[in-house]
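# Breakdown of the fold
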Amino acid sequence: MQLVFATHNQNKFNEVKALMPSYIELLSLTDIGCFNEIPETAQTLEGNAQLKSNFVTEKYGLNCFSDDTGLLVVALGGAPGVYSARYAGEQKSATDNMNKLLSELHDKNNRQAKFKTVIALNLEHESILFTGAVEGEITHEKNGTDGFGYDPIFKPLTYNKTFAELPMSIKNKISHRGKAVQKLISHLIK
Ligand code: IMP
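Attention in this report is confined to the structure presented alongside it. Keep in mind that what you see is a predicted model, and the values were worked out from it rather than measured. (Residues numbered from 1 in each chain as written. Predicted model: local features only at pLDDT ≥ 70, side-chain atom pairs only at ≥ 80, totals over all residues. Heavy atoms only, no water.)

## Points about the overall build of the chain
Each helix and strand counted, the chain has five helices and seven strands in total. Secondary structure elements in the chain, listed N-terminal to C-terminal, are β-α-β-α-β-β-α-β-β-β-α-α. In terms of overall size, the chain behaves like a compact globule, its C-alpha atoms giving a radius of gyration of 16 Å where 190 residues would be expected to give roughly 16 Å. The principal-axis extent of the C-alpha atoms belonging to the chain is close to 50 × 30 × 25 Å. For the chain, the residues scored as buried account for 47% of the 190 residues in total. The contacts in the chain between residues at least 6 apart in sequence include a share of 56% that link residues at least 24 apart. Accessible surface for the chain amounts to roughly 9400 Å². Of this, 50% is attributable to carbon and sulfur atoms. Computed over 20 positive and 21 negative side-chain charges, the separation of the two mean positions in the chain equals 4 Å. (Helix = DSSP H or I, 4+ residues; strand = E, 2+ residues; numbered from the N terminus. Rg over C-alpha atoms; globule rule 2.2 N^0.38 Å. Buried < 20%, exposed > 50% of the residue type's maximum accessible area, 1.4 Å probe, protein only. Contact = heavy atoms within 4.5 Å. Areas by Shrake-Rupley, 256 points an atom, 1.4 Å probe, with all protein chains shown as cover. Lys, Arg positive; Asp, Glu negative; His and termini not counted. Charge placed at Lys NZ, Arg CZ, Asp CG, Glu CD.)

Structural data, given as structure tokens:
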């Protein structure tokens, strides 16, 4: 069975591919010749995930899923949330985003945060959402070189290391995306 994962982010693609059963042939946007930057103009993670999946299904007629992720920081009232990618500007730089977040939190004792992922699946004639979340805290400095995005400053509750210090196999077991993908897989094998 072929399924498109609508992302240009190779790190995300690798994480999800590592979880997929072998009978699912996971295709990237590059594999289907889609080089567009798909607009993410919705106000919610659910809306953005659906926009990305619908773009592929409508333009290419393929079964597809996409994910949209937000980092919700308690002391910032849930920011950056749905605006996580562009938190420090349109350049969507992970370094700039992390620096801005560390600076916003420099005088805050409450470092609690949560990653939330929404996956939107378009399969034949059904559209369905799956969510996953992981609780943790924002560290005071960047640690680790694995992963991507905010990983160097996010420490999940159950480990004393940031996501960027943990191997992908462990991140996948406990992460927002890993949990959402497990729900997606359970649905696919029903
Ligand atoms: P999007 O889902 O690609 O729009 O991601 C929104 C923002 O969250 C981007 O800045 C990503 O780099 C970041 N992000 C998404 N997933 C993760 C993750 O698993 N770890 C760290 N940052 C992430």
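The discussion continues.
## Considering the side chain of aspartate 68
As for its position among the elements, aspartate 68 is in strand E3 (residues 64-73). Side-chain polar atoms of aspartate 68 contact the side chain of asparagine 48, separated by 3.5 Å. Side chain to side chain, aspartate 68 and lysine 52 meet in a polar contact 3.1 Å long. What aspartate 68 contacts, discounting residues up to four positions off in sequence, is Glu40, Leu45, Asn48, Ala49, Lys52, Val82, Lys116, Thr117 and Val118. (Polar contact = N/O pair within 3.5 Å; in protein donor to acceptor, adjacent residues only side chain to side chain.)

## Looking at the pattern of salt bridges
Applying the stated criterion across every chain, the model contains eleven salt bridges. Residues lysine 171 and glutamate 15 are paired through a salt bridge, measuring 2.7 Å at the closest nitrogen-oxygen approach. Within this pair, whereas lysine 171 is found in helix H4 (residues 168-174), its partner glutamate 15 is found in helix H1 (residues 10-19), the two being separated by 156 residues in sequence. Judged on exposure class, the residue lysine 171 and its partner glutamate 15 are both buried. Within the structure, one salt-bridge network assembled from shared partners comprises Lys12, Glu15, Asp67, Asp151, Lys171 and Arg177. (Salt bridge = Lys/Arg side-chain N within 4 Å of Asp/Glu carboxyl O.)

## Regarding H1
Those residues of H1 lying buried are Lys12, Phe13, Glu15, Val16 and Leu19. Buried residues in H1, looked at end-on, bunch into an arc of 165 degrees, giving them a common side. Exposed and facing more than 90 degrees away from the buried side of H1 are Gln10 and Ala18. (Arc of directions from axis to C-beta.)

## Description of the packing of aromatic side chains
Taken as a whole and assessed by the stated rule, the structure comprises five aromatic pairs. The interplanar angle of 25 degrees and the centroid separation of 6.3 Å between the aromatic rings of phenylalanine 115 and phenylalanine 163 together place this pair among those described as stacked. Of this pair, phenylalanine 115 sits in strand E5 (residues 112-123) while phenylalanine 163 sits in the loop between strand E7 (154-156) and H4, and the two are 48 residues apart along the sequence. For phenylalanine 163, a relative accessible area of 1% gives the class buried. For the cation-ring pair, lysine 100 lies above tyrosine 87, with the distance from its terminal atom to the ring centre recorded as 4.4 Å. (Phe/Tyr/Trp six-rings, centres within 6.5 Å; stacked < 30°, edge-to-face > 60°. Lys NZ or Arg CZ within 6 Å of the ring centre and 35° of its normal.)

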